[in-house]
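Each chain, letter by letter, is given below.
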Protein chains: 2
Amino acid sequence: MSNELIQIGNPDRIQNFIKKIRGKKPLFICVIGNTETGKISGISAAGANPEITDFTPAADMEYLHFNKCKSIKGVPITPDGIPTPALITKAALDLGDIPYMVVVGGAKILPKTPYIDLGGSYGTDISSGNAVKNSKDVFEKARLFGENISKVANYLVIGESIAGGTTTALSVLLALGYDASNKISSSLPNNPLELKLNIINEGFKKKNVKFGDFKNQPFKAIEYFGDPMQPACAGIVVGAVKRIPIILAGGTQMAAIVALIKLIDNNALENLAIGTTKWIIKDPQSDLLGIIKQIDQKIPILGINFNFSSMKYKGLRVYEEGIVKEGVGAGGTSIACILSTKNKINVEKLQKKIEEDYEKIIRN
Amino acid sequence: MSNELIQIGNPDRIQNFIKKIRGKKPLFICVIGNTETGKISGISAAGANPEITDFTPAADMEYLHFNKCKSIKGVPITPDGIPTPALITKAALDLGDIPYMVVVGGAKILPKTPYIDLGGSYGTDISSGNAVKNSKDVFEKARLFGENISKVANYLVIGESIAGGTTTALSVLLALGYDASNKISSSLPNNPLELKLNIINEGFKKKNVKFGDFKNQPFKAIEYFGDPMQPACAGIVVGAVKRIPIILAGGTQMAAIVALIKLIDNNALENLAIGTTKWIIKDPQSDLLGIIKQIDQKIPILGINFNFSSMKYKGLRVYEEGIVKEGVGAGGTSIACILSTKNKINVEKLQKKIEEDYEKIIRN
């Protein structure tokens, strides 16, 4: 197992976390949303072009439910034609027989699937400094949902699908006072960091806010500079984590969630881990661990050690070049699949299934 | 226990069902919706007047989540001022520490709570013969939700809140060919059966449909003469019941669900019971057992043996006169509360809590 799961952090804490969840069936919750930030040209790879980016989260959820999308033709792809990480997530859910639910934090395009509505609205461009409406209300509803679901599920894996989400994560981290500028990831092979920072600075200037000004105001950070996935995700964690362990399934976006949760309920961090992919952990252009360490030294970080370099198809092989990297809880669900099946499903079987599923998609 | 739970049906089948769920934590799912049928004057007691009736299901769900309603002042009451059965449900959920979720089949007024959206629309007056849109689509989404939740929950208790629901249940049962005209219940003390049948006949005439014409067409029965709670409720059952037992928590409305399910997936009935109240089972103006027997001889019917005659408050004592009787899964959640706590919570404790909660409501 050691080479299938990259483990970063305090070894005892990691083993303790794994012990709590190994052999148990998780519930995967994917929190989706839209922010106009994701449609700024060059900011996100989650969609072939900015116009279609709005449809990506909905289409991802449809793929999980129906093995095909309903809101768009085909599946979400990057501008270069690389398929959505939902492909990985779906393989993990199928092989692990893992149940899943969709939570909408606030969306312009709603998925044609069952979904949990929290009364949120889609987010606006963060350069406006008015990013998210009613974040406290959405958080509170999410908290209630989390509390209820924690009485039913063994543990949760919470992922996200929101185009532009690494930019809104960076702006929230900066507002909260974390040194994250050179540490945030991107779905693009070349992280458009300068563009991200320009957008963020514009919003900060408009609101006359400086680095760290919201170090005690998580909801203000979300409302000014965040995205609608964030209060929903944080609320579910705060509501559920007292009873059950939670894997936050994602890259640097989940670092922003951890930072928000720390301010809302510091005890909530005890029962939490981050589950992601090798491509995030080994990314030379970002530093998930460097952000997390500033928030909480002890949170376990697990990474699924995929190697797509021998895949039959170029669309998958290029994941090794750092395109897409993560999303839709791909890393966390893969980890949960392996652990819940006590390694009956391993990286090899997952990769085979991903290849087969990709084959079906390109044939259609 | 025998005098706390009224048991009707095959004794072995009942004991077998109880054995499967006793000591286990359920998940309560309340399916809500609106139908314009509920606003026909004199048809429903779920609301002080027809205008406010639309708000009753949303307000019920808010009461479960927040101990108070947000969409209306106070709590839903009948035209005579009798409180909603959600009061009973809430007491059972609290004492049993039972988690709950709201599913919206199709609503005009959405609750200010987390809820699962299935893309349904609110229902129109069944006298039009065009009662529900997209019932198959809502059913299919509900089925997917049910399948997922069945991998997480031990068993489900599914209730409903939809004003006018006994009328739409009757019309569906008649369209499916069940002799239900003198057997359907009502939230009113004097069942307005003639009014119900007039409305139903108007719809049947408009569509040139006769008794039993849809005996093999469950979705047509819903679309012409049903309500939006029905496809959602049926879908969850069909999706979940292969893996876990389900209590359909309600009175004669749930008989219509059983009839629909029988046509959609006959095997689904094996793992099903009806959980309701004494007031439904002993109602001289309706005959739940008489309907159920026509559909399936073997389905266990359980009834919580409340006795409100010694309650301090008239608003509760009058339940004994057959007002309200059931709704919001009051009977089923009370049964689940007693069984899940292995009788640590009993009828007496439930009644005490209901009295206390009622006191809080009238004081506010």
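Since we're looking at a predicted model, the values are computed, not measured.

1. Considering the relation of the copies chain A and chain B
Phase 1 of the analysis: Rotating chain A by 180° about the axis while translating it 0.0 Å along that axis superimposes it on chain B, leaving an RMSD of 0.0 Å. Read as a symmetry element, the transformation amounts to a two-fold axis. Across chain A, the rotation axis passes nearest the C-alpha of I116(A), at a separation of 2.1 Å.

2. Observations regarding the side chain of S127(B)
Residues and elements named next belong to chain B.
Phase 1 of the analysis: The topology assignment puts S127 in the loop between strand 4 (115–117) and helix 5 (135–149).
Phase 2 of the analysis: Under the relative-accessibility criterion, S127 is labelled buried at 10%.
Phase 3 of the analysis: Each residue touching S127, except ones within four places of it in the same chain, is listed here: I199, E202, G203 and K206.

3. A closer look at the packing of aromatic side chains
All names here are of chain A.
Phase 1 of the analysis: This model, assessed by the stated rule, comprises 22 aromatic pairs over all chains.
Phase 2 of the analysis: Seen from their ring centres, W279 and F306 are 5.8 Å apart, and the 25° between their planes marks the pair as stacked. A residue pair is termed long-range when its members are at least 10 positions apart, and W279 in helix 11 (residues 278–281) and F306 in the loop between strand 8 (301–304) and helix 13 (314–317) qualify at 27 residues. Residue W279 shares its accessibility class with F306, and that shared class is buried.
Phase 3 of the analysis: An aromatic cluster of three or more residues is present, and its members are F204, F214, Y224 and F225.
Phase 4 of the analysis: The aromatic ring of F66 is capped on one face by K70, whose charged end is 4.0 Å from the ring centroid.
Phase 5 of the analysis: Here the basic side chain of K207 rests over the ring of Y224, its NZ or CZ set 4.7 Å away from the ring centre.

4. Brief notes about the interface of chain A and chain B
Phase 1 of the analysis: Each partner contributes residues to the interface: chain A has 24 residues there, and chain B has 25 residues.
Phase 2 of the analysis: The largest per-residue losses of area from chain A upon contact with chain B belong to P114(A), N148(A) and V152(A), which jointly make up 24% of the total buried on that side.
Phase 3 of the analysis: Seen at the junction of chain A and chain B, the total is four salt bridges.
Phase 4 of the analysis: R243(A) is the salt-bridge partner of D97(B), the closest N and O atoms lying 3.5 Å from each other.
Phase 5 of the analysis: Counting across the interface, chain A meets chain B through eight residue pairs in polar contact (both at pLDDT 80 or more).
Phase 6 of the analysis: Taken together, the elements giving at least two residues each to the side of chain A that touches chain B come down to helix 3 (56–66), strand 3 (100–106), strand 4 (115–117) and helix 5 (135–150) of chain A.
Phase 7 of the analysis: Per-element tally for the side of chain A that touches chain B: the top contributor is helix 5 of chain A, with five residues.
Phase 8 of the analysis: Residue composition of the side of chain A that touches chain B, grouped by class: 14 nonpolar, three polar and seven charged.
Phase 9 of the analysis: When strand 4 of chain A meets strand 4 of chain B, the two strands line up antiparallel, connected through three bridges. Across the sheet, I116(A) pairs through a bridge with I116(B), a residue of strand 4 of chain B.

Scoring rules and cut-offs
- Residues numbered from 1 in each chain as written.
- Chains lettered and ligands numbered in written order.
- Predicted model: local features only at pLDDT ≥ 70, side-chain atom pairs only at ≥ 80, totals over all residues.
- Heavy atoms only, no water.
- Least-squares fit on C-alpha atoms with pLDDT ≥ 70 in both.
- Helix = DSSP H or I, 4+ residues; strand = E, 2+ residues; numbered from the N terminus.
- Buried < 20%, exposed > 50% of the residue type's maximum accessible area, 1.4 Å probe, protein only.
- Contact = heavy atoms within 4.5 Å.
- Phe/Tyr/Trp six-rings, centres within 6.5 Å; stacked < 30°, edge-to-face > 60°.
- Lys NZ or Arg CZ within 6 Å of the ring centre and 35° of its normal.
- Buried area = accessible area lost by both parts, 1.4 Å probe.
- Salt bridge = Lys/Arg side-chain N within 4 Å of Asp/Glu carboxyl O.
- Polar contact = N/O pair within 3.5 Å; in protein donor to acceptor, adjacent residues only side chain to side chain.
- Nonpolar A, V, L, I, M, F, W, Y, C, P; charged D, E, K, R; others polar.
- Pairing = 2+ DSSP bridges.

Everything listed is a geometric property; what it means functionally is a separate question.
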